[in-house]
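Here are the chains, one letter per residue:
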Amino acid sequence: MKKGDLVLHHIGIAIENIESGIEKLHELCSIDYQTPIIYDPNQRAHLCMLTTKDGVCIELVQGEIVKSYLKRNQKLYHMCYQTKDIEKTAERLVSDGAVQISEIQPAVLFEGRKVCFLMTEIGLIELLEGEL
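Reading the values: the criteria
- Residues numbered from 1 in each chain as written.
- Predicted model: local features only at pLDDT ≥ 70, side-chain atom pairs only at ≥ 80, totals over all residues.
- Heavy atoms only, no water.
- Helix = DSSP H or I, 4+ residues; strand = E, 2+ residues; numbered from the N terminus.
- Buried < 20%, exposed > 50% of the residue type's maximum accessible area, 1.4 Å probe, protein only.
- Contact = heavy atoms within 4.5 Å.
- Areas by Shrake-Rupley, 256 points an atom, 1.4 Å probe, with all protein chains shown as cover.
- Lys, Arg positive; Asp, Glu negative; His and termini not counted.
- Charge placed at Lys NZ, Arg CZ, Asp CG, Glu CD.
- Salt bridge = Lys/Arg side-chain N within 4 Å of Asp/Glu carboxyl O.
- Patch = residues over 30% accessible without salt bridge, like charges linked within 9 Å, V, L, I, M, F, W, Y side chains within 5 Å.

Helix and strand counts for the protein come out as three helices and 10 strands. Ordered by position in the sequence, the α and β elements of the protein form the string β-α-β-β-β-β-α-β-α-β-β-β-β. C-alpha extents for the protein along the principal axes are approximately 40 × 30 × 25 Å. Every one of the 132 residues in the protein was classed for burial, and the buried ones make up 44%. Of all intrachain contacts in the protein linking residues separated by at least 6 positions in sequence, the fraction that spans at least 24 positions is 55%. Taken as a whole, the protein presents about 7,600 Å² of accessible surface, with 52% of it coming from carbon and sulfur. Distance between charge centres in the protein, computed from 14 positive and 20 negative side chains, equals 4 Å.

What follows is the structure, encoded as structure tokens:
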């Protein structure tokens, strides 16, 4: 795997009330697709993915996991990058100085595809395994 072999998948937004966040996004931009709100016990969070008319994917995240972000009034929670091999990518990022803060595990929102979170110099990133 070469550096730069990651593709931006979505941005994660910390939200206190996911329903009001969905309403606000519908007011701000044209939404072409929206998943149902689901609960992921691994992340201890309610989640919803929305895709704008121009193809931007936004994940709304509500729950304990984002409370510290919200206390600091920080709404941008993470950037998610898709990778073909999550294990190799996580290892490379850790060797480059990132700190892996969650185990690689299946994600309910992504139909069981593997995810993990790492703290990097540019902030929190999520890796999502899948074909590029």
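Below, the discussion takes up unusual backbone geometry. Leave glycine aside and you will find that most residues have negative phi; peptide bonds, for their part, are mostly trans. The backbone phi angle of N73 is positive, close to 60°, even though this residue is not glycine. Topologically, N73 is positioned in the loop between α2 (67-71) and β6 (76-83). Classification of N73 as exposed rests on a relative accessible area of 59%. Phi is positive for E111, which is not a glycine, with a value near 55°.

Moving on, we come to the pattern of salt bridges. Across all of its chains, the model carries five salt bridges by this definition. Salt-bridge contacts for R92 lead to D96; the nearest nitrogen and oxygen are separated by 3.7 Å. Note on R92: relative accessible area 16%, which makes it buried. In this structure, K114 and E129 form a salt bridge, with 3.9 Å as the shortest nitrogen-oxygen distance.

Next up on the list: a nonpolar patch on the surface. Nonpolar side chains collect at one region of the surface, where V99, I101 and M119 lie side by side and expose about 260 Å² of accessible area between them. By the secondary structure assignment, M119 is in strand β9 (residues 114-120). Here M119 falls in the partly exposed class, since its relative accessible area comes to 34%.

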